[in-house]
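Here are the chains, one letter per residue:
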Amino acid sequence: MIKDAFERLLFAGRFLLAPLYLALAISLVALIFKVGLHLYQLLTELPTMSDEEVLLSDLAIVDLTLTASLVVIVFLSGYSNFVAPVVQREGDGRPHWIAAIDFSELKLKLMASIVAISAIKLLEGFMDLANHSDREMYWLVGVHLTFVASTLFLALADRFSHHTRGSGGTEGV
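Residues numbered from 1 in each chain as written. Predicted model: local features only at pLDDT ≥ 70, side-chain atom pairs only at ≥ 80, totals over all residues. Heavy atoms only, no water.

Chemist: Now, about the packing of aromatic side chains: what can you tell me, with residues and values included?
Modeler: Overall, the coordinates contain 0 aromatic pairs when judged by the stated rule. Lying across the ring of F11, R14 places its NZ or CZ 4.0 Å from the centre. (Phe/Tyr/Trp six-rings, centres within 6.5 Å; stacked < 30°, edge-to-face > 60°. Lys NZ or Arg CZ within 6 Å of the ring centre and 35° of its normal.)

Chemist: So, the nonpolar core: which residues are in play, and what are the values?
Modeler: Y21, L28, L31, L64, A68, V71, F75, V83 and A84 together form the largest nonpolar core, which totals 9 residues. When residues of this core are traced back to their parent elements, those giving at least two are α2 (18-45) and α3 (51-83). In terms of residue count, α3 provides more of this core than any other element does, 5 residues in total. (Core = buried A, V, L, I, M, F, W, Y, C linked by side-chain atoms within 4.5 Å. Buried < 20%, exposed > 50% of the residue type's maximum accessible area, 1.4 Å probe, protein only. Helix = DSSP H or I, 4+ residues; strand = E, 2+ residues; numbered from the N terminus.)

Chemist: Break down the packing of α3 against helix α5 (residues 103-127) for me, citing the residues and quoting the values.
Modeler: Two packed helices can be described by the angle between their axes and the distance between those axes. At a minimum axis separation of 10 Å, α3 and α5 run at an interaxial angle of 170 degrees. On the basis of the axis angle, α3 is roughly antiparallel to α5. Here α3 runs over α5; the crossing is left-handed. Broken down by class, the residue content of the contact of α3 with α5 amounts to 19 nonpolar, 4 polar and 5 charged. (Axes fitted to C-alpha atoms, helices over the stretch in contact; angles between N-to-C directions. Parallel < 35°, antiparallel > 145°, perpendicular 65-115°, else oblique. Left-handed = near helix turned anticlockwise from the far one by under 90°. Nonpolar A, V, L, I, M, F, W, Y, C, P; charged D, E, K, R; others polar.)

Chemist: Mind laying out the environment of V83, listing which residues take part and the relevant values?
Modeler: Counting through the fold element by element, V83 comes out in helix α3. Owing to a relative accessible area of 3%, V83 belongs among the buried residues under this scheme. Here V83 is in contact with R14, F15, L17, A18, Y21 and G78, once residues within four sequence places are set aside. (Contact = heavy atoms within 4.5 Å.)

These values are about where atoms sit, not about what they do.
Below is the structure:
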């Protein structure tokens, strides 16, 4: 009886994650504000900007957009996986992947988003070589390659773990 009550309490503790996911959703406002600032700067300074400066400004907006997408993936799929399932109804306008994504897919989506963000940062660095030292560029390349390798290893490990599990995936439980 004590064990059951304790387990119910622990299981109910998952709802403590809900405010954290709400905070992530609200943090999108900050990203929208930053994108707005970049867009305002781009539009007001466009006549005097070089092509490279326009591309860098666009890349900053792409970077913030990818970051916002990453945040959305985290709070929607995290909530669905760890707090409570999201009920899908016909025509409710919700993306179907929310209910379908599992923790393994979430990890891969997160890593793929991080690799994309890292690639944008690397591209920004190459577009603005005059303002970056060789050492900074080496670090950008090294960090990006680390993320790429980590993502590949995670994907391979996930693929092999799915092949080694039994049909129910419950051995040892």
